[in-house]
Amino acid sequence: MKWQHVQQNWAAFYEAIVEKWPEVDESDLDEIDGDQRAFVAYLAEATGQEPSEIREELREWLAGEIPSDVVMDPTHDNHSIALSAKYVGEGEDEFADDARFGDDDEYPDDGDD
C-alpha cells in the first residue's frame, strides 16, 4: 500500500496503527490527520526510537496489505459499486437492489438458504 491510501483513509487506519504501535493514542492521531512527517515524529517520541528506525518500520508496514477493516469501510462502498458498473448490463442501474435475484439454491445446505 502507499502512504496516499493511509492519508486518504486516516481514521480508518487507527486500529491497524494502534495494533502495530500500541504506544500511540487515538486522540493524537486525530491531530496528525495523515501527515506522514508528523506521524514519524510522533512515533519517534512515543516509542523512544530514532526517526530513521521509525521510517524503516513504516516502510515495512506499508509493504503489507491494506487492512480489511479499511477496505470494508462504508465510505468505499459507493466507489466500489461505481467501479463495478462495467460489469452491469446496459440499461441496468449498478446501484439497484439485487434482492429480486435471490438464491437459486444450486447447492442445497450451503448455508445461504
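Quick summary incoming for the structure in this document. The shown structure was predicted, so the numbers you read here are calculated from the model rather than taken from an experiment.

As enumerated under the stated definition, the model contains one salt bridge in all. Two residues, R59 and E56, come together in a salt bridge whose shortest N-O distance is 2.9 Å. Of this pair, R59 and E56 both sit in helix 5 (residues 51–62), three residues apart, which is roughly one turn of the helix.

Another point: the side chain of E57. Structurally, the position occupied by E57 is in helix 5. Notably, E57 is buried but unbridged: the nearest opposite-charge side chain belongs to K20, and the N-O separation is 4.7 Å. Residue contacts for E57: discarding those within four places in its chain leaves K20, W21 and Q49.

The subject of this paragraph is the packing of aromatic side chains. Inspection of the entire model under this criterion finds seven aromatic pairs. Ring centres of W21 and W61 lie 5.5 Å apart, and the angle between their planes is 65 degrees; this geometry places the pair in the edge-to-face category. With W21 in the loop between helix 2 (14–20) and helix 3 (26–32) and W61 in helix 5, this pair connects stretches of sequence that are 40 residues apart. No difference in accessibility class separates W21 from W61, as the two residues are buried. Ring pairs connect the aromatic residues W3, W10, F13, Y14, W21, F39 and W61, which therefore count as one cluster.

Right, let's talk about helix 4 (residues 36–47) for a bit. An ideal rise of 1.5 Å per residue puts 16 Å on 12 residues; helix 4 measures up with 16 Å between its terminal C-alpha atoms. Listing the buried residues of helix 4 in full gives F39, V40, Y42, L43 and A44. If you follow the buried residues of helix 4, they end up packed against helix 1 (3–8), helix 2, helix 3 and helix 5. With a side-chain oxygen lying 3.0 Å from the backbone nitrogen of R37, the N-terminal cap of helix 4 falls on D35. Downstream of helix 4 by one or two residues, G48 has phi in the positive range, about 80 degrees.

Rules used in this analysis
- What you see as residue numbers is a count from 1 along each chain, following the sequence as written.
- With the structure being a predicted model, the display of local features is reserved for residues of pLDDT at least 70 and the display and counting of side-chain atom pairs for 80 or more, all residues being used for whole-chain, interface and lining totals.
- Only heavy atoms go into the side-chain values, all of them from the structure, while hydrogens and water stay out.
- We define a salt bridge as a contact between a side-chain nitrogen of Lys or Arg and a carboxyl oxygen of Asp or Glu at a distance within 4 Å.
- A run of H or I in DSSP counts as a helix once it spans at least four residues, and a run of E counts as a strand once it spans at least two, with each numbered from the N terminus.
- Think of it in three bands: residues with accessible area under 20% of the maximum for their type are buried, residues over 50% are exposed, and the middle band is partly exposed, with areas taken using a 1.4 Å probe on protein chains only.
- We count Lys and Arg on the positive side and Asp and Glu on the negative side, and we leave His and both chain ends out.
- Throughout, a contact is declared for two residues whenever any of their heavy atoms are within 4.5 Å.
- Whether two aromatic rings pair depends on their centres lying within 6.5 Å, for rings of Phe, Tyr and Trp, where Trp uses its six-membered ring; planes under 30 degrees apart make the pair stacked, over 60 edge-to-face, and the rest tilted.
- Between the first and last residue of a helix there are one fewer steps than residues, each counted as 1.5 Å, and that sum is the expected span.
- Under the rule applied, a polar contact is a pair of N or O atoms within 3.5 Å (in protein, one hydrogen donor and one hydrogen acceptor; residues adjacent in sequence only if both atoms are side-chain atoms).

All we've got here are geometric facts, nothing functional implied.
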